[in-house]
Amino acid sequence: MFDREYFDAGLYRIGTDCEKWDGCRKREGGDVLPMWVADMDFQSPPAIREALLRRAAHPTWGYTEVTDADIDAPRDFWARRHGVSVTREEVTLLPCVVTGLKLAILSLTKPGDGVIIQSPVYGPFRMSVQATGRTLMDAPLTADAHSRYTMDLEAVERQCRAGAKLMMLCSPHNPVSRVWSREELQALLNVLNRYGVPLVSDEIHADFVYAPARFESVLSLQRTNVLTLCAASKTFNVAGLQTAFMFCSDEAIRTRYQETITASGVVSGNIFGVIASRAAFEQGDAWLDGLLDYLDGNRKELAEQVAEFLPGAVLTPVEATYLAWLDLRSYGFTCEELAKRTAKARVVFTGGTFFGDNGEGFLRVNFACPRRNIGEAIRRLKNALEA
Ligand SMILES: Cc1ncc(COP(=O)(O)O)c(C=O)c1O
């Protein structure tokens, strides 16, 4: 059922106040093709819709308990799909992953403390450090001749030596689409452990990994001084329902985290978010397997389109996520210029500088859309670059 035809059908989303389409049209006008924010143009699994409709039909929505089954759903999903087992006590419900990142910073560091990130990386990593009054300590990723990125562990170690108190890892990595191998993760942990620096690993993209790459959670390697963040939000496109989870086996960290949650007044457990997450984790496997097949085809389509129409562009190999990192530096435009040109050509991407200064001249392409839109987007991008 969840075959090419199903995903090719896409979804008409205009008029739902969705950021991706309606937000973009407000800024850029109609007929613009949005290839930006990490949100997919497909129906979420039918089981989610059915569960939400069933609960919505009962006409009152008072305070509602989060049950063991609600917590077991993500636990079982992670054990089933990623080989990671956690107990119920090790799971904390959160409103969203970015809140989870900020809570980690607030719990494990003090104002002014250094927090390591690896740019280019999802903008809210940097913004969370800044918003909490901590000091940004960058250990930028490095790209090889094929634009494949790796960690610079010497830079991480330099920042540890300079006094960093926490590191934030994006795994798999947005925007450079890397799946960190077990060896790479172990090497990183070895450095951090030498200095006693805890690690928060944002694993929201764990489900989007293309063979032969294999996702490894940091929890498969180490249970102390680490915590991970995950959600159904990206995997099943339910980000508007604002529900995420922290997994942490380190009791001391969990206690500090819980104290921060209490002090900051963060409240989780929106009825619909909890119901959707449970339905997704319990019943979403077949839909997700179909989606991954389709996205794998889209990933290939994008590479072909870029090779054919954008000879000056370099596409970073896509090992994970539905987000591709496109190096357009040879065309000589800044991200600001690229934004103007692409808007004029009626297509919108995420500018590389959202991910750090070293993203200047890059665009991030969201390919979680009906396959036909990819060719169209690349043709519009070609027009933008040649105008
Ligand atoms: C790496 C990463 N973390 C977190 C988020 C946002 O998650 P949430 O909406 O749960 O805060 C995104 C969204 O694109 C992301 O790419």
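The residue count restarts for each chain, going from 1 along the sequence in the order it is written. For a predicted model such as this one, the threshold for reporting local features is a pLDDT of at least 70, and the threshold for listing and counting side-chain atom pairs is 80 or more; totals across whole chains, interfaces and linings nevertheless cover every residue. Excluded from the side-chain calculations are hydrogens and water; all other atoms, namely the structure's heavy atoms, are used.

A look at the overall build of the protein
Only DSSP runs of H or I covering at least 4 residues are called helices, and only runs of E covering at least 2 are called strands; the numbering of each starts at the N terminus. Counting its regular elements, the protein contains 13 helices and 15 strands. As a reference, a globule follows 2.2 Å times the number of residues to the power 0.38, and the radius of gyration itself is taken over C-alpha atoms. Scaling as 2.2 N^0.38, a compact globule of 387 residues should have a C-alpha radius of gyration of about 21 Å, and the protein matches this with 21 Å. For the protein, the spread of C-alpha atoms along the principal axes amounts to about 55 × 55 × 40 Å. Accessible surface, the protein: about 16,300 Å² in total, of which carbon and sulfur atoms supply 51%. The charge count treats Lys and Arg as positive and Asp and Glu as negative. His and the chain ends do not count. Where a charge lies is defined by one atom per residue type: Lys uses NZ, Arg uses CZ, Asp uses CG and Glu uses CD. Here the protein holds 43 positive side-chain charges and 49 negative ones, and the gap between their average locations is 3 Å. Here the accessible surface of atoms and residues is derived via Shrake-Rupley with a 1.4 Å probe, and residues count as covered only by protein chains that are part of the display.

Examining unusual backbone geometry
P172 follows S171 through a cis peptide bond whose omega is -5°. Inspection of the secondary structure puts P172 in the loop between β7 (166–170) and α8 (182–195). Here N174 and P175 are connected by a cis peptide whose omega angle stands at 20°. Note that P175 resides in the loop between β7 and α8.

Details of the sheet that holds strand β12 (residues 323–327)
Strand order in this open sheet of 4 strands is β11-β12-β15-β14, and the pairing throughout is antiparallel. If you trace the sheet from one side to the other, it starts and ends with β11 (314–315) and β14 (350–351), each paired once. Here, a strand pair is defined by DSSP locating no fewer than two bridges between the strands. Pairing between β12 and strand β15 (residues 362–366): 5 bridges, direction antiparallel. Bridge pairing in β15 links A324 to V365.

Notes on the packing of helix α7 (residues 153–161) against α8
Viewed as axis vectors pointing N to C, α7 and α8 meet at an angle of 15°, and their least axial separation amounts to 10 Å. Judged on the interaxial angle alone, α8 and α7 are roughly parallel. α8 is crossed by α7, and the crossing has right-handed handedness. The residues of α8 that touch α7, namely those facing L153, V156, E157, C160 and R161, are A187, L188, V191, L192, R194 and Y195. Split into classes, the residues belonging to the contact of α7 with α8 amount to 8 nonpolar, no polar and 3 charged. For helices, the fitted axis covers only the stretch in contact; all axes are lines through C-alpha atoms, and the angles between them, taken along N-to-C directions, range from 0 to 180 degrees. Our angle categories are set so that under 35 degrees counts as roughly parallel, over 145 as roughly antiparallel, 65 to 115 as roughly perpendicular, and the remainder as oblique. What makes a crossing left-handed is the near helix being turned counterclockwise from the far one by less than a right angle; a clockwise turn instead makes it right-handed. Here a residue-residue contact requires only that any non-hydrogen atoms of the pair lie within 4.5 Å. The classification used treats Ala, Val, Leu, Ile, Met, Phe, Trp, Tyr, Cys and Pro as nonpolar, Asp, Glu, Lys and Arg as charged, and all other residues, Gly among them, as polar.

Details of the environment of D289
Locating D289 in the fold gives a position in helix α11 (residues 285–309). Exposure is judged per residue with a 1.4 Å probe applied to protein chains only, and the accessible area is read against the type maximum: over 50% gives exposed, under 20% gives buried, and values in between give partly exposed. Accessibility expressed as a relative area gives 39% for D289, which makes it partly exposed. In sequence terms D289 and T353 are 64 residues apart; their C-alpha atoms lie 33 Å from each other.

Thoughts on the side chain of S233
Secondary-structure assignment places S233 in the loop between β9 (226–230) and β10 (244–247). With a relative accessible area of 11%, S233 lands in the buried category. With residues up to four places along the chain from it excluded, the contact list for S233 reads I204, V238 and A239.

Some details on the domain arrangement of the protein
Domain start and end points were adopted from an automatic or database domain assignment. Along its sequence, the protein is organised into domain 1 (4–44 + 285–386) and domain 2 (52–283). Distance between the C-alpha centres of domain 1 and domain 2: 25 Å. With 34 residues of domain 1 at the contact, the number on the domain 2 side is 38 residues. Buried area is calculated as the accessible area (1.4 Å probe) missing from two parts once they are joined, with the contributions of both summed. The junction of domain 1 with domain 2 conceals about 3,000 Å² of combined surface from both sides, 53% of it contributed by carbon and sulfur atoms.

What about the packing of aromatic side chains?
Put simply, two rings from Phe, Tyr or Trp (the six-membered ring, in Trp's case) pair if the centres are within 6.5 Å, and we call them stacked under 30 degrees between planes, edge-to-face over 60, tilted for the rest. Tallying each qualifying case throughout the model produces 19 aromatic pairs. Relative to F215, the ring of W78 lies with its centre 5.9 Å away and its plane at 85°, an arrangement referred to as edge-to-face. Placement of the pair is W78 in helix α4 (residues 68–82) and F215 in the loop between β8 (199–202) and β9, with a sequence separation of 137 residues. The residues W78 and F215 share a single accessibility class, namely buried. Centre to centre, the rings of W325 and F362 are 4.7 Å apart; their planes meet at 15°, and the pair counts as stacked. Of this pair, W325 sits in strand β12 while F362 sits in strand β15, and the two are 37 residues apart along the sequence. The class for W325 is buried, based on a relative accessible area of 0%. Given the relative accessible area of 2%, F362 is considered buried.

Observations regarding the pattern of salt bridges
Salt bridges are defined by distance alone: a side-chain nitrogen of Lys or Arg within 4 Å of a carboxyl oxygen of Asp or Glu. Taken as a whole and assessed by the stated rule, the structure comprises 24 salt bridges. Where K382 meets E386, a salt bridge forms, and the shortest distance between an N and an O atom there is 2.9 Å. One end of the pair, K382, and the other, E386, are both in helix α13 (residues 371–386), 4 residues apart, so they sit about a helical turn from each other. Residue K382 is classed as partly exposed on the basis of its relative accessible area of 24%. The class for E386 is exposed, based on a relative accessible area of 55%. Through salt bridges that share partners, R13, K20, D39 and D41 make up one connected network.

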